[in-house]
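# What the coordinates show
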4 protein chains.
Amino acid sequence: MFSDQRLAELNQPLLAEHQTQFQYTAESPRLRHADVAAVVQKLIDFQVAIPSWALGTGGTRFGRFAAGGEPATLEDKIGDVGILQALNRSSNSISLHIPWDIPQDIPGLQQLLKEKGLVIDSVNSNTFQDQKDQPQSYKFGSLSHTDKAVREQAIQHNIDCVRYGKQLDAKTLTVWLADGSNFPGQSHLRRAFLRTQESLAAIYEAMPSDWTMLVEYKPYEPNFYSMVIPDWGTSLALCQALGQQAQVLVDLGHHLPNTNIEQIVGRLRQFGRLGGFHFNGSMYGDDDLTTGSIKPFQLFLIFNELVDAALDQSVPAEAVAYMIDASHNVKDPLEDLLQSVENILSAYAKALLVDREALAEAQEANDVVRAEEILRDAFLTDVRPLVSEAYLRAGGAIRPLAAFRAEGAREKLIQQRGKHSVSTGL
Amino acid sequence: MFSDQRLAELNQPLLAEHQTQFQYTAESPRLRHADVAAVVQKLIDFQVAIPSWALGTGGTRFGRFAAGGEPATLEDKIGDVGILQALNRSSNSISLHIPWDIPQDIPGLQQLLKEKGLVIDSVNSNTFQDQKDQPQSYKFGSLSHTDKAVREQAIQHNIDCVRYGKQLDAKTLTVWLADGSNFPGQSHLRRAFLRTQESLAAIYEAMPSDWTMLVEYKPYEPNFYSMVIPDWGTSLALCQALGQQAQVLVDLGHHLPNTNIEQIVGRLRQFGRLGGFHFNGSMYGDDDLTTGSIKPFQLFLIFNELVDAALDQSVPAEAVAYMIDASHNVKDPLEDLLQSVENILSAYAKALLVDREALAEAQEANDVVRAEEILRDAFLTDVRPLVSEAYLRAGGAIRPLAAFRAEGAREKLIQQRGKHSVSTGL
Amino acid sequence: MFSDQRLAELNQPLLAEHQTQFQYTAESPRLRHADVAAVVQKLIDFQVAIPSWALGTGGTRFGRFAAGGEPATLEDKIGDVGILQALNRSSNSISLHIPWDIPQDIPGLQQLLKEKGLVIDSVNSNTFQDQKDQPQSYKFGSLSHTDKAVREQAIQHNIDCVRYGKQLDAKTLTVWLADGSNFPGQSHLRRAFLRTQESLAAIYEAMPSDWTMLVEYKPYEPNFYSMVIPDWGTSLALCQALGQQAQVLVDLGHHLPNTNIEQIVGRLRQFGRLGGFHFNGSMYGDDDLTTGSIKPFQLFLIFNELVDAALDQSVPAEAVAYMIDASHNVKDPLEDLLQSVENILSAYAKALLVDREALAEAQEANDVVRAEEILRDAFLTDVRPLVSEAYLRAGGAIRPLAAFRAEGAREKLIQQRGKHSVSTGL
Amino acid sequence: MFSDQRLAELNQPLLAEHQTQFQYTAESPRLRHADVAAVVQKLIDFQVAIPSWALGTGGTRFGRFAAGGEPATLEDKIGDVGILQALNRSSNSISLHIPWDIPQDIPGLQQLLKEKGLVIDSVNSNTFQDQKDQPQSYKFGSLSHTDKAVREQAIQHNIDCVRYGKQLDAKTLTVWLADGSNFPGQSHLRRAFLRTQESLAAIYEAMPSDWTMLVEYKPYEPNFYSMVIPDWGTSLALCQALGQQAQVLVDLGHHLPNTNIEQIVGRLRQFGRLGGFHFNGSMYGDDDLTTGSIKPFQLFLIFNELVDAALDQSVPAEAVAYMIDASHNVKDPLEDLLQSVENILSAYAKALLVDREALAEAQEANDVVRAEEILRDAFLTDVRPLVSEAYLRAGGAIRPLAAFRAEGAREKLIQQRGKHSVSTGL
């Protein structure tokens, strides 16, 4: 939908204003410590994966209000991510969810991905729902289940996920485990942990040596008394037991109230165990809102830790997989994803603008006010011109969301797919 | 399933042990301040309504694992509540949910209710989901919607609920409003409130003069930035604006972390505005677990406020409607409801055993330790014999849960209804 | 310390850069809907009161690490606020705390206030601590105490506060009540409320007719089981019982985790009962950090409600008293206050820049993404040039904090007052 | 004050009633799976340490309301613990706090401890406050401070604590670190962690080989943005880096809202890293109330994990140090401690009564209702007769609190020490 020529047309009326704003920002005396050109280049290089399961309307247990034109096939989903990537050039990869998106026509998919400039970066297993005709039920757990037959089915499913992923050159398996209990006494807490560790080890063993296993944590939901992997400490302990290919995945919505997430991020980088992110936004729990929509300062502080660690020679170098994992209940999913990527890029841009030398000095001297002001200076900077410049230089739209709307993209998708197409997912 | 004769048979082997335990408890020197016979009578008189929507398996947005033998019709649901009532004699009424349980054959239903010794106590409206072929969508709200046509549809639905309820002699309309917003800016917070107030007034006007409207509050879910009625203060403000037939409904799971719910309960009784309860249990949010399963002391403290207010002449007398509102995700729904009623009766029994005269003295003297010990003495008392005695004297089972299992009740229901019958509800 | 001439000297080197930035911002096409000159004027007009008790170093129950040069007398405190006001021209009033700052030499104080361009805006009572030689103890409460003698002492103290305030032309009494209980059973929750209501009524009766009583709420600390006035609903109920001169005071740190404070603010404005604010910042509880330091977006959303209500003819007009109430544990108190005022002005400026007409349209149409983007556009705008312009036009410093440091203000205060002067307060 | 003879006199009037209750409980058919005599013996053997700093009145940052007769010297404090131990025979040890309780007359103290049947079990360091004439300030941290001189002072203080402890045969050093930051930017989060790890290693190296270092965690307070050791994951990581003598200490009040603490306890036991507890009660944060006063079910569930792990051969055997760490703001400290010990013993007794064989079966079968009921059966049992029996057999009072009051113990202490003696501590 968004050819280079069409993008150029859509950019044209915004170009002059953008250039003024970018120039003003780039030359701002407040940013004299920063290499703005390098910042823009880093923004261009940054890529965040789009989950195949978040291209349709999401919902809650109280209901779901579908929008139209949802992608019903994996091919359609790749098409949707292709639209995003054409617009922002920052979402060149897809996280698959199995069994919702089992690839069938491998050569066809490979061709399609290539056309759109996309890759499959990771595969997510699902042992929190029963699929039709599945022999064993996950009602009382999967990798932690008391019954060996259930555990084996869940292990095999994860191994299958790796197999599907290999067909499309993915290198990452993400394991989110919903296992836990709703009532005190229901589950033997220590044994459930040990069974989980054993099951994960079996999957880990079956994984190719160039793959990474990401172990996600979550304090509650869908279980409301205990979760087998409730916090980063448990994820880390499991990863340590598994081996160097096992890494912790941080989902921003998976924390108890008031958690200082940025410090956890810094710790995990320090330990060489931060494998990836699921970005979303939350005010109460796992609300799965647009990332940055509720706590933009927190998102900035998280990127501040990431940028700081990346610059620090003493921190183990590691590839952090960035993914979005949100639920689009009241917004157009593609618009929501465009916002999400922009919020992420903005937080990253601000983190890149921090005057780290001055900050380190102020921190060493315990000059609290000055240290805080240095950090805030970066946060208060209006980085929209830098993000737009990155879009533009990479070949995308100056304002992706505006272009999406100007093009009537959703209306076109509805025309193609119908008002009532339904996407798999939650 | 549980005839008087069958119950007598089921009680027989438990009788001697029960009598020993009851006698020991009734004669305990620790309870010399209490009139144990009167306590048992109050337990016999206490009734808590069963919601028609909680007789099937519940779930979360991540899935639902159905058990078998679920009641698929309103008649079946009445049958299920009849089982509970036969066993515990404390759940003689049903809360209907419209449109899930629109009554059709009124005379037949009346006859069935009479047979089972049941009544319909309240009707719950549903404007948080779209029903098939519904002209207007509630995606962006109902009574608070910006579009008058949507508001009118939602108002009419509530008026219809009253009409259905009148056919079965209900006297209470419960309004839980899911309206709110997911993002800052999405909704104009003050105008949404004013529109809601106006819509509620229209429903209130249409309600018969002997009906009560219960206005429920909830801080979040399914909306995750704002809810139009997030807290008791808002519910109360709306009730004050509506009139004396409007009352606040407290759902135990609808509070922010660490809320002192018992104090809210006491306040609302003080103001003459506590209309009813939705009992359930929670550790994190609106977890909808078995009431009393996570915080049994809190449940006791809530009943302590209720009992204390009921004894206080200066507090406005009012009928409080007790209902259960839980989601049975991993338990047999009927077993869960038997547990719930028992936990409620236990908390009530303990509250009735508090030595209020001594407590008042200690409180007046600020003898903190003594006041606390008096309250704890009641909580620490093993009241299971008193609750069993109440069951027994009222004609039920000494241990309802044990009787349900001994009878193989669920297996019989599965035989009758099949493994795959599905109940309406969440 | 900061004469007009000295301020001009301090501003001189910053002037050119400031003018460039201001001009760029004022002419930004993104702000074409806004009247930037009017916004700057509103910033100039905005005033936030400084509490007399927050000019010294604060602490926690674990200790206090005093800085030097603290103001030991009320005259010194007025001097400190005079410094702030000279620099930012936005803090022209003082909230007094009795008994920490009982005025003695009234004519002298009046003269001093006049010289500094300051007024006393409110008086805060203290019944949460025992003063030396006080006949009755507040250990178990004050206005809610079971003992009438204690309540009368607390009532009289509040009446005395009004008397002190009248001497210095204050018009507001702020009542923060620490009363509550630490253990279930300790306090009779309903009676404690009724006694409080009665005590407040006695104070209210004794208050001049042109005074306002602000009733603050707080969910916990220093009591950890119940607080007599834990939430806005309770404050509002008390104010309704007292009369139109009673208003609710919102302290940003006095809420349970995850509370949507901006909606409370909007509600109270709607009800005509928002009397004032205590600004501070928090991540966990009543942390009393610099306002805006942890949740800058929330502070903006609060001002968004205030600005919106002020523009709405249907909302009762009312004067909202803005005060800072923070604890400066690790920062120089005056620097912290300069930051606080700047954060408040920034949030206000952003709220003033919201394109309300476009926002209302998007909200009416339930265009969630567009409504959110309109609001975020204002938040993302770098308003530092507007705030600096307001400082400058009002006669202050372009960058108050930088001027404070450039002048060596704290060092001078230490020279004057000594390293070990101690301010009254927490 | 409580000689054996005096205790016998105090027990006499309660004896008959106690015996009836104990016999009834011991013979209860509900406990037929349990060895009640063995349970009583385990209660007799259980000992929980009393902190020297909690024998005086506690307070909050808003004030402190002293009771009379507080112990002003270490000798007096040993006297107070002697009273507790005489009454309940379950608190035979003392946790010292340095520098509040630096031992002077070692032989005299040893003699006194021996007389009272007490030992010193642990020493707690204090680097969260500045002591008079201390060269370096802890305002900006201690073991994590940016300045090496401060770190060295804090390290030396901890080494001194070990030295003091050795003089009195203690074997445990408890390190609670208040280090952290109040504002984003103030502290470099990763470097603060690394400096802390280095400092702890220096202390660890200096510690005798038969000592244990307990590393406590806390999410906030006195710092309100970040704490260097905020959670069990961080404590564990530090302990792993230090060595096998380093263990995690769990303080019940040091968790974010809604944390499942019992699962953490089980995990740490599994990992062989649960070194000890600080018992207290909380509703909101680190409220430091009487343990078990707010969440008695949680306390039971914690002991359930402890008992279960102790019975499990596959779990590393380890000595868990039980200590109370509460703040007695409105209660008599000794009465509060008697309540605390009793609540702990009660929770332990209930955990010992769990029918673990049946529970394991139900858990294996995922019979949720049955598993829950088995656990609840133990919780609902009135174990007061068992606890009293343990007191009695061990030589203490049937009801320690009643005996303390009957004896007029506090009045006697006030007579001895005066109304205004002040204990060191918070």
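As shown above, the structure is provided for reference.
For the structure given in this document, a descriptive report is provided here. Given the structure is predicted, the values throughout are model-derived calculations rather than measurements. (Residues numbered from 1 in each chain as written. Chains lettered and ligands numbered in written order. Predicted model: local features only at pLDDT ≥ 70, side-chain atom pairs only at ≥ 80, totals over all residues. Heavy atoms only, no water.)

### Remarks on the interface of chain B and chain C
The test is simple: We call two residues in contact whenever any of their non-hydrogen atoms come within 4.5 Å of each other. By buried area we mean the combined loss of accessible area, with a 1.4 Å probe, across both parts when two parts are placed together. The term salt bridge refers to a pairing of a side-chain nitrogen on Lys or Arg with a carboxyl oxygen on Asp or Glu at a separation within 4 Å. Whenever a nitrogen or oxygen atom comes within 3.5 Å of another N or O atom, the pair is scored as a polar contact, on the condition that within protein one atom can donate a hydrogen and the other can accept it, and that pairs from neighbouring residues in sequence are kept only if both atoms are in side chains. Here a helix means four or more residues in a row that DSSP labels H or I, a strand means two or more in a row labelled E, and each is numbered from the N terminus. When residues are grouped by polarity, Ala, Val, Leu, Ile, Met, Phe, Trp, Tyr, Cys and Pro land in nonpolar, Asp, Glu, Lys and Arg in charged, and all others, Gly among them, in polar.
Each side of the interface is counted separately: chain B has 54 residues, and chain C has 54 residues. When chain B packs against chain C, close to 4700 Å² is buried across both sides, 51% of that on carbon and sulfur atoms. One can count six salt bridges joining chain B with chain C. Applying the counting rule to chain B against chain C returns 22 residue pairs in polar contact (both at pLDDT 80 or more). With six residues, helix α6 (residues 189–206) of chain B is the largest single contributor of residues to the side of chain B that touches chain C. Classifying every residue of the side of chain B that touches chain C by side-chain character gives 25 nonpolar, 18 polar and eleven charged.

### A short note on the relation of the copies chain B and chain C
To keep it simple, the criterion reads: What sets the superposition is a least-squares fit of C-alpha atoms, and only residues with pLDDT of at least 70 in both copies go into it.
Superposing chain B onto chain C requires a rotation of 180° together with a translation of 0.0 Å along the rotation axis, leaving an RMSD of 0.0 Å. What the superposition gives is, in effect, a two-fold axis relating one chain to the other. Residues of chain B ranked by C-alpha distance from the rotation axis are headed by B:G233, positioned 2.1 Å from it. Interface overlap between copies: 100% of the residues of chain B at the interface are likewise at the interface in chain C, consistent with a symmetric, same-surface contact.

### Some words on the packing of helix α3 (residues 74–88) of chain C against helix α10 (residues 333–352) of chain C
All names here are of chain C. Basically, it comes down to this: With axes taken as lines fitted to C-alpha atoms, and helix axes fitted only over the stretch in contact, angles between N-to-C directions fall between 0 and 180 degrees. Comment on the angle field: the value is read as roughly parallel under 35 degrees, roughly antiparallel over 145, roughly perpendicular from 65 to 115, and oblique elsewhere. In this scheme, a crossing is called left-handed if the near helix is turned counterclockwise away from the far one by less than a right angle; it is called right-handed if the turn is clockwise.
Two elements in contact, α3 and α10, have axes whose closest approach is 11 Å; the angle formed by their N-to-C orientations is 40°. In terms of orientation, α3 and α10 fall into the oblique class. The hand of the α3/α10 crossing is right-handed. Counting all contacts with α3, which are made through D80, L84, L87 and N88, the residues of α10 involved are L334, L337, L338 and V341. Its residues placed into classes, the contact of α3 with α10 shows six nonpolar, one polar and one charged.

### Comments concerning the pattern of salt bridges
Residues and elements named next belong to chain B. Under the convention used in this document: Partly exposed describes any residue whose relative accessible area lies between the buried limit of under 20% and the exposed limit of over 50%, with all areas from a 1.4 Å probe on protein chains only and scaled to the type maximum.
Within this structure, the stated rule accounts for 124 salt bridges over all chains. For the salt bridge of E70 with R64, the shortest nitrogen-to-oxygen distance reads 3.0 Å. E70 sits in the buried class, given a relative accessible area of 1%. Residue K218 pairs with D286 through a salt bridge whose shortest N-O separation is 2.8 Å. Within this pair, whereas K218 is found in the loop between β8 (212–216) and β9 (226–227), its partner D286 is found in the loop between β11 (274–279) and α9 (296–310), the two being separated by 68 residues in sequence. The same class applies to K218 and to D286, which are both buried.

### As for the interface of chain A and chain D
Each partner contributes residues to the interface: chain A has 54 residues there, and chain D has 54 residues. Here chain A meets chain D over a buried area of about 4700 Å², counting both sides, of which 51% is carbon and sulfur. In this structure, A:R195 and D:E364 form a salt bridge, with 3.9 Å as the shortest nitrogen-oxygen distance. For the interface between chain A and chain D, the tally reads 22 residue pairs in polar contact (both at pLDDT 80 or more). Counting residues per element, the ones that place at least two in the side of chain A that touches chain D are α6 (189–206), β9 (226–227), α7 (232–242), α8 (261–270), α9 (296–311), α11 (356–364) and α12 (368–380) of chain A. Top element by residues in the side of chain A that touches chain D is α6(A). It accounts for six residues.

### Some remarks on the pairing of strand β4 (residues 93–97) of chain A
Every regular strand shows the same layout, with side chains that alternate between the two sheet faces. Residue and element names in this part refer to chain A. Stated formally: Strand pairing is assigned whenever DSSP identifies at least 2 bridges connecting the two strands.
The element β4 is extensively covered by neighbouring structure, given that five of its five residues are classed as buried. Side chains S93, S95 and H97 project from β4 onto one buried face, and the interleaved I94 and L96 project onto a second face that is buried too. In this sheet, β4 lies alongside strand β1 (residues 50–51) in parallel orientation, the contact comprising two bridges. Pairing of I50 across the sheet is with I94, part of β4.

### Brief notes about the relation of the copies chain A and chain D
In the superposition of chain A on chain D (RMSD 0.0 Å, axial shift 0.0 Å), the rotation amounts to 180°. Residue by residue, 100% of the interface of chain A is reproduced at the interface of chain D, so both copies engage with the same surface.

### Focus: the sheet that holds strand β10 (residues 246–251) of chain C
Residue and element names in this part refer to chain C. Sheet architecture is open: eight strands sit in the order β1-β4-β5-β6-β8-β10-β11-β12, paired in parallel fashion. Each edge of the sheet is formed by a strand with only one pairing partner; in this case those strands are β1 (50–51) and β12 (321–324). Across five bridges, the pairing between strand β4 (residues 93–97) and strand β5 (residues 119–124) is parallel. Residue pairing for β5: H97 is matched across the bridge by N124.

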